[in-house]
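# Reading the structure
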Amino acid sequence: MPFLLRDYQRESLGAIYSAYERGVRRQVISLPTGSGKTIVFAHLIAQRDGRAIILVHRDELITQAREKLQMIAPWLQVGIVQGRRNDILSQCVIASVQTISRKNRLSSLQKEFRTVIVDEAHHAPAPTYLRVLEHVGVFNERVAALEPKIAALEMKAVTGSHPVSYTPLRAHETEAE
């Protein structure tokens, strides 16, 4: 049985694709805590061709992403990069940024990801995140032009008075040249 999205989750996915069609490759989706950000990005990954990488900073986010992906896209090969685990060749890689940003790990990571998710995007300016994002070509406009990727879809929780309040695309959009 397919997993049904809430209206605002469908609207968020629609906004992602609409912005993508306009050439926006780096997007921010802000949804309140508990509103299903992981469900939204799991659906996005399931619907897009190519490989995906999800960057996280906590163990529980790795577990949560893996569980949601298995529920929504059971056919998807999901690998973990954390500690001794190094499943970098999987179709979808869920990576601890503390592990994947190490020089020896990053040098072995292939760059052909079409979808890059930064869970809890407020961490993205940290040097560890920037090393990984630069490595996979998020900031390289030539790479983005040759390979139609959503270069960085950043998911973050925001506080709000309504559990269903959301802003599908914030002012953080960057138009592709």
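Structural notes, computed from the coordinates. Bear in mind that the values here come from a model prediction, so they are computed numbers and not experimental data. (Residues numbered from 1 in each chain as written. Predicted model: local features only at pLDDT ≥ 70, side-chain atom pairs only at ≥ 80, totals over all residues. Heavy atoms only, no water.)

## Remarks on the packing of helix H2 (residues 37–47) against helix H3 (residues 59–72)
Packed helices, taken two at a time, are described by the angle between their axes plus the distance between the axes. Interhelical geometry of H2 versus H3 gives an angle of 50° and a closest axis separation of 9 Å. As the angle between them shows, H2 and H3 are arranged oblique. In the packing of H2 onto H3, the handedness of the crossing is right-handed. Only Gln 64, Ala 65, Lys 68, Leu 69, Met 71 and Ile 72 of H3 make contact with H2, whose side of the interface consists of Thr 38, Ile 39, Phe 41, Ala 42, His 43, Ile 45 and Ala 46. (Axes fitted to C-alpha atoms, helices over the stretch in contact; angles between N-to-C directions. Helix = DSSP H or I, 4+ residues; strand = E, 2+ residues; numbered from the N terminus. Parallel < 35°, antiparallel > 145°, perpendicular 65-115°, else oblique. Left-handed = near helix turned anticlockwise from the far one by under 90°. Contact = heavy atoms within 4.5 Å.)

## A few points about the packing of aromatic side chains
Applying the stated criterion across every chain, the model contains 0 aromatic pairs. Geometry around Tyr 20 places Arg 48 over its ring, the cationic atom sitting 5.1 Å from the centre. (Phe/Tyr/Trp six-rings, centres within 6.5 Å; stacked < 30°, edge-to-face > 60°. Lys NZ or Arg CZ within 6 Å of the ring centre and 35° of its normal.)

## Focus on the pairing of strand E5 (residues 92–96)
As a general feature of sheets, a regular strand has side chains that alternate between the two faces. For E5, a buried count of 5 out of 5 residues is recorded, marking the element as mostly surrounded by other parts of the structure. Residues Cys 92, Ile 94 and Ser 96 point to one face of E5 and Val 93 and Ala 95 to the other, with burial holding for every one of them. Of the strand pairs in this sheet, strand E2 (residues 51–56) and E5 are connected by 5 bridges, and their pairing is parallel. Considered in E5, the bridge of Ile 54 is made with Ile 94. Two elements, strand E3 (residues 78–82) and E5, share 4 bridges in a ladder whose sense is parallel. Among the inter-strand pairings, Ile 80 is bridged to a residue of E5, identified as Ile 94. (Buried < 20%, exposed > 50% of the residue type's maximum accessible area, 1.4 Å probe, protein only. Pairing = 2+ DSSP bridges.)

## Examining unusual backbone geometry
Even without being glycine, Glu 120 reaches a positive phi, approximately 65°. Take Glu 120: it is sitting in the loop between strand E6 (113–119) and helix H6 (127–135).

## A closer look at the side chain of Arg 105
Along the chain, Arg 105 falls in helix H5 (residues 103–108). Buried within the structure, Arg 105 lacks any salt-bridge partner; its nearest side chain of opposite charge belongs to Asp 87, at an N-O separation of 8.7 Å. Aside from chain neighbours lying at most four places away, what touches Arg 105 is Val 81, Gln 82, Gly 83, Arg 84, Arg 85, Asn 86, Thr 99 and Ile 100. (Lys, Arg positive; Asp, Glu negative; His and termini not counted. Salt bridge = Lys/Arg side-chain N within 4 Å of Asp/Glu carboxyl O.)

## Section: the pattern of salt bridges
One pass over the structure, following the stated rule, counts 5 salt bridges. Across the pair Arg 58 and Glu 60 runs a salt bridge, and its minimum N-O distance is 2.5 Å. Judged by its relative accessible area of 32%, Arg 58 falls in the partly exposed class. Since its relative accessible area comes to 45%, Glu 60 is described here as partly exposed. Between Arg 85 and Asp 87 there is a salt bridge, with the nearest N and O atoms lying 3.4 Å from each other. By relative accessible area, Arg 85 is classed as partly exposed at 43%.

## Let's talk about the side chain of Ser 90
Relative to the helices and strands, Ser 90 is located in the loop between strand E4 (85–86) and E5. With sequence-adjacent residues up to four places away left out, Ser 90 is seen in contact with Arg 51, Gln 77, Val 78 and Gly 79.

## Topic: the environment of Thr 38
As for its placement among the helices and strands, Thr 38 is situated in helix H2. Given a relative accessible area of 7%, Thr 38 falls into the buried group. The spatial distance from the C-alpha of Thr 38 to the C-alpha of Leu 69 is 8.5 Å, given a sequence separation of 31 residues. When neighbours within four sequence positions are excluded, Thr 38 is seen to be in contact with Gln 64, Ala 65 and Lys 68.

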